[in-house]
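Working through the structure, step by step
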Amino acid sequence: MNGNFRIGQGYDAHRIAEGPDMWLGGIKVCGGKGFVAHSDGDVAIHALCDALLGALALGDIGHHFPDSSEEYRGIDSKELLRRVCVMVSDAGYSVGNVDITIALQSPKLAPFIPQMRQCLAGILGVGPDCVSVKATTTEGLGFVGRGEGCGCWAVALICR
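This write-up is about the structure you can find in this document. (Residues numbered from 1 in each chain as written. Predicted model: local features only at pLDDT ≥ 70, side-chain atom pairs only at ≥ 80, totals over all residues. Heavy atoms only, no water.)

As for the pattern of salt bridges
For the structure on display, the rule yields 8 salt bridges. Across the salt bridge formed by glutamate 79 and arginine 82, the nearest N and O atoms sit 3.7 Å from each other. Of the two residues, glutamate 79 and arginine 82 are both situated in helix 3 (residues 77-90); the distance of 3 residues between them amounts to about one turn of the helix. By relative accessible area, which is 28% here, glutamate 79 ends up partly exposed. Owing to a relative accessible area of 39%, arginine 82 belongs among the partly exposed residues under this scheme. For glutamate 148, the salt bridge identified is with arginine 146, shortest N-O distance 2.8 Å. Residues joined in a network through salt bridges with shared partners are Glu71, Glu79, Arg82 and Arg83. (Salt bridge = Lys/Arg side-chain N within 4 Å of Asp/Glu carboxyl O. Helix = DSSP H or I, 4+ residues; strand = E, 2+ residues; numbered from the N terminus. Buried < 20%, exposed > 50% of the residue type's maximum accessible area, 1.4 Å probe, protein only.)

Okay, here's the thing in structure tokens:
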């Protein structure tokens, strides 16, 4: 049974600024205010990529898709996740389930969660019942509570 299951965890955070659109979980949740990032800044997908890469012991998203590379400037994070899914498959694994927690003061994300789950499930090759997305605030505390940024945690189980 050793090696049949692996678990990885990931974290990402980005500043919020006027201008770029806000993308989370592969969908646009807000226009005119988004994340400062080299790519589209989708912290949910970035944390998920780190969780999957961690489960494979392959380092982090910055190692594979460095923000110093023009190739990844403005890239849709869904494409990064697709590439990570190929790495998972090439290693002989498939995604079992994932669990994502997004910490953001506003906008409220509850209306977007079903779309996020559907979008991510399609990329991961699993049913939406294998993709958990939760949203929380920090009750006004820290950089998230002040509306300066967003943090996201993800856990992924991969199976042989």
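Regarding the sheet that holds strand 5 (residues 94-103)
Taken together, 5 strands build an open sheet; the order of strands is 4-1-7-5-6 and the sheet is mixed. Edge positions in the sheet fall to strand 4 (33-35) and strand 6 (131-136), since each has one partner strand and no second. Neighbour-to-neighbour, the strand axes of the sheet open up by a mean angle of 20 degrees, direction not taken into account. Of the strands in this sheet, strand 5 and strand 6 touch helix 4 (residues 113-124), which is tilted by about 145 degrees from strand 6. (Pairing = 2+ DSSP bridges. Axes fitted to C-alpha atoms, helices over the stretch in contact; angles between N-to-C directions. Contact = heavy atoms within 4.5 Å.)

Description of the packing of aromatic side chains
Taken as a whole and judged by the stated rule, the model has 2 aromatic pairs. Both rings, one in tyrosine 11 and one in tryptophan 153, keep their centres 5.1 Å apart while their planes meet at 50 degrees; by these two values the pair is tilted. Of this pair, tyrosine 11 sits in strand 1 (residues 5-18) while tryptophan 153 sits in strand 7 (residues 149-159), placing them 142 residues apart in sequence. Residue classification places tyrosine 11 among the partly exposed residues on the basis of a relative accessible area of 37%. (Phe/Tyr/Trp six-rings, centres within 6.5 Å; stacked < 30°, edge-to-face > 60°.)

Quick look at helix 4
Between its terminal C-alpha atoms helix 4 stretches 16 Å, which fits the 16 Å expected from 12 residues at 1.5 Å a residue. By the burial criterion, the buried members of helix 4 are Ile113, Met116, Cys119, Leu120, Ala121, Ile123 and Leu124. The inward-facing, buried residues of helix 4 contact strand 2 (22-24), strand 3 (27-30), helix 1 (43-55), helix 3, strand 5 and strand 6. Phi turns positive, to about 75 degrees, at glycine 125, one or two residues after helix 4. (Expected span 1.5 Å × (residues − 1).)

Focus on the environment of isoleucine 100
Looking at where isoleucine 100 falls in the secondary structure, it is placed in strand 5. Owing to a relative accessible area of 0%, isoleucine 100 belongs among the buried residues under this scheme. Once the C-alpha coordinates of isoleucine 100 and cysteine 152 are considered, the two residues, 52 residues apart in sequence, prove to be 7.1 Å apart. Beyond its immediate chain neighbours, meaning those up to four positions away, isoleucine 100 contacts Ala44, Leu48, Leu120, Ser132, Val133, Lys134, Cys152, Trp153 and Ala154.

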